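Below are the chains, spelled out letter by letter.
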Amino acid sequence: MSEQSLQGTPGLVETNDQHGETTLVVDPARVVEASTYLRDDLRFNVLVDLTATDYLGWGAAGVAGYIGTPQGRDLNATGSQGFQAVPSARPKRFAVNYHLLRVADDPARLRVQAWLDDDESLASVVPVWPAADWYEREVFDMFGIVFDGHPNPVRILMPDDWEGHPLRKDYPIGGEPVRFSGEE
Amino acid sequence: MSVLPTTRIYEGTRIPSPCPTILEIDPEQHALDDILSINFGPNHPSTHGVLRLIVDLDGEHIAGIRAVIGYLHTGFEKTMEHKTYWKAITYPERIDYLAFQSNELVFVLAIEKLLALETPEKAQWMRMCLAELNRIHSHLVWLGTSALEIGAISMFWYAFRERDMILDLFEMVTGVRMHTRYFQVGGLAEDIPEGFYAQARAAAKRMPKAVDEYEALLDNNKIWLERTKGIGLLSADDALALGQSGPMLRASGVDWDLRRATPYLHYEEVDFEVPVYPNGDVYDRYKVHMDEMRQSARIVTQCLDRLEALRGSAWISDNRKVVLPPREELHTSMESLIHHFKIVTEGFRVPEGEVYVAIESARGEQGCYLVSDGGPKPWRVHFRAPSFAALQATATCVRGTAIADMVAVAASLDPVMGDVDR
């Protein structure tokens, strides 16, 4: 996978390499175009995973204390001497991550990331990778992110009449009402 | 990686459109009143847990199908966001309760990747050894229950005989038979007991013979052959489009195994073959499982050779910022006591970042996506469940089969509902 061809991805905002993994941040409006390009021109033939992360409240409480590294405590890292370190800011609330895999003699992995705010939606990639069907339903169910053009946009893990989206950070553990038997 | 040249399972694609997981019938055909809609599950013994299938029957044949999941949704991912890493390790095992060590392994590997933590040789070989024993364990449960559903009842007892032998090994090493929580960030929770080597060697020696016995029971059984051959077809292209992995892909003629394609731990140092079969039917999925058990036994033997040479060496990293100090030090060293207290109460902190780690579990690509904000609890954990992907192929695989075959097909996808619903 040459650097050149990744740069040709439609709607590319930035690429970054962390822990040996490549992440392409793309414009959410052009996710389908980017997916088609990556599948057809760069041969990423399998969508292995599709998931989202809610960054609401990210860095609101700084973290301090021991940072484990192979060398032990890293005294030069901010936050390691009692001062709070705040993780680097994120552009929007939700990140939708597409994990792609090239099943071929030259295997490669790629993470495509699209950033969304609360009221924004994303185009469905089911026409590109049929495997996205249930994954997009799961992200809708858990985060409330709407995928435009999904053939069956209903909840998948929670009951159909469920209120709220459990994996959002503002949905607390124990937030669901408990029904007791014998109660009116 | 190659696709077997003989692969001619069917022409074109059979993935339903527009929704790839729902096989729909014409409403007009439904109105003609010769379509019977039945509800299969969620509580039915042959759904491997709680899977509900809504089936439209045209006589004995399946005209439409829709899978409904979520009955075993437990909110593991949400719960793990509220636990320190050290405590969260117990959760992934309960997701896929048959391949528990694979889930545990992938989560631990993801944490170690964020920490850039080196683990001792002995821990890596032991992780491989247990992961392969666990693969055999998972395949045995699959074999026993799948054969049972098709009517080969005796198969169940033979498969569970060997399964017990493997559970005994887990008990010997970890103290429990299932959900072992033996892999620790940095290595293993305990040293390997001395008796393990000989008993594991005997089990690895026994397995190929046991697999021969199973094959003798099934491969000469006319009913078994007729119920599995040519049923539940899935072509290589459709399998890739539906995101299949593991035995599903290999039975459709795609020569793909993460242990060989992108080796982790020490898989590049052991000899094993990746079984590939070209027909994409239930029978080939069964053959892949059988061959994998033989290959896993081979890997276990090679791991034991290495482990025996590593007797007496460290089984866990000595990085005290992450790893608990040895018990005996707590009585004499103030620093050890502090570290112990900090790691247990507050948890160790993992540097900010996001990683995706994937390993080959018993049912395919088991992935873990982990986001850390630099604190002691994961910001987000997501498990890429191979069963979830496999179940998406239900509609494609059962197309055109009879209701009785549907049970065989659903079993061959090897879904573990805990893994599907998480």
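Residues numbered from 1 in each chain as written. Chains lettered and ligands numbered in written order. Predicted model: local features only at pLDDT ≥ 70, side-chain atom pairs only at ≥ 80, totals over all residues.

## Some words on the pairing of strand β3 (residues 52–58) of chain B
All names here are of chain B. Spelled out, the test is: In this scheme, strands are said to pair when DSSP sees at least two bridges between them. Each helix is a run of H or I in the DSSP string that is no shorter than four residues. Each strand is a run of E no shorter than two, and both are numbered from the N terminus.
Summarising the sheet, strand β2 (residues 35–40) and β3 pair through six bridges and their orientation is antiparallel. In the strand pairing of β3, L36 is matched with L57. The antiparallel pairing of β3 with strand β4 (residues 61–68) creates a hairpin that spans two residues between the two strands, and G59 there sits at a positive phi of about 65°.

## Considerations on the pairing of strand β7 (residues 108–116) of chain A
All names here are of chain A. In this sheet, β7 lies alongside strand β2 (residues 21–26) in parallel orientation, the contact comprising four bridges. Paired with T23 across the strands is R111, a residue of β7. The pairing of strand β6 (residues 94–102) with β7 spans nine bridges and is classified as antiparallel. Of the residues in β7, the one forming a bridge with N97 is Q113.

## A word on unusual backbone geometry
All names here are of chain B. Rules: Whether a residue is buried, exposed or partly exposed is read from the other C-beta atoms within 10 Å of its own C-beta, which are placed from the backbone; 20 or more gives buried, 12 or fewer gives exposed, and intermediate counts give partly exposed.
Between S17 and the following residue, P18, the backbone shows a cis peptide bond with an omega angle of 0°. Tracing the backbone through its elements, the reader meets P18 in the segment before β1 (22–23). Unusually for a residue other than glycine, H179 sits at a positive phi of about 50°. Considering the arrangement of structural elements, one finds H179 in the loop between α7 (153–174) and β5 (183–184). Judged by local crowding, H179 falls into the partly exposed class, with 18 C-beta atoms found within 10 Å. Of note, the phi angle at R181 is positive, near 45°, even though the residue is not glycine. Structurally, the position occupied by R181 is in the loop between α7 and β5.

## Quick notes on the interface of chain B and chain A
Quick reminder of the rule: With C-beta atoms placed from the backbone, a contact is any residue pair whose C-beta atoms sit within 7 Å. Following the grouping adopted for this structure description, the nonpolar residues are Ala, Val, Leu, Ile, Met, Phe, Trp, Tyr, Cys and Pro, the charged ones are Asp, Glu, Lys and Arg, and the polar ones are all others, Gly among them.
On the side of chain A, 45 residues touch chain B, which itself brings 56 residues to the contact. Of all elements in the fold, only α2 (76–80), α5 (100–115), α10 (236–241), β7 (353–361), β8 (364–372), β9 (380–384) and α15 (386–391) of chain B reach the threshold of two or more residues within the side of chain B that touches chain A. Looking at the side of chain B that touches chain A element by element, the count peaks at four residues for β8 of chain B. A per-class count over the side of chain B that touches chain A returns 26 nonpolar, 15 polar and 15 charged.

## Things to note about helix α17 (residues 403–412) of chain B
Residues and elements named next belong to chain B. Within α17, eight of the ten residues are buried, which leaves it mostly tucked inside the rest of the structure. Those residues of α17 lying buried are D405, M406, V407, A408, V409, A410, A411 and S412. Taken together, the buried residues of α17 touch β3, β4, α6 (121–150), α9 (222–228), α13 (282–309) and α16 (394–398).

## A closer look at the sheet that holds β9 of chain B
Residue and element names in this part refer to chain B. The test is simple: Whenever a helix is involved, its axis is fitted only over the stretch in contact; in every case the axis is a line through C-alpha atoms, and angles between N-to-C directions fall within 0 to 180 degrees.
Taken together, three strands build an open sheet; the order of strands is β7-β8-β9 and the sheet is antiparallel. Each end of this open sheet is capped by a strand with a single partner; those strands are β7 and β9. Between one strand axis and the next, the sheet turns through 10° on average, direction left out of account. As paired elements, β8 and β9 share five bridges and run antiparallel to each other. For G367, the partnering residue across the bridge sits in β9 and is R384.

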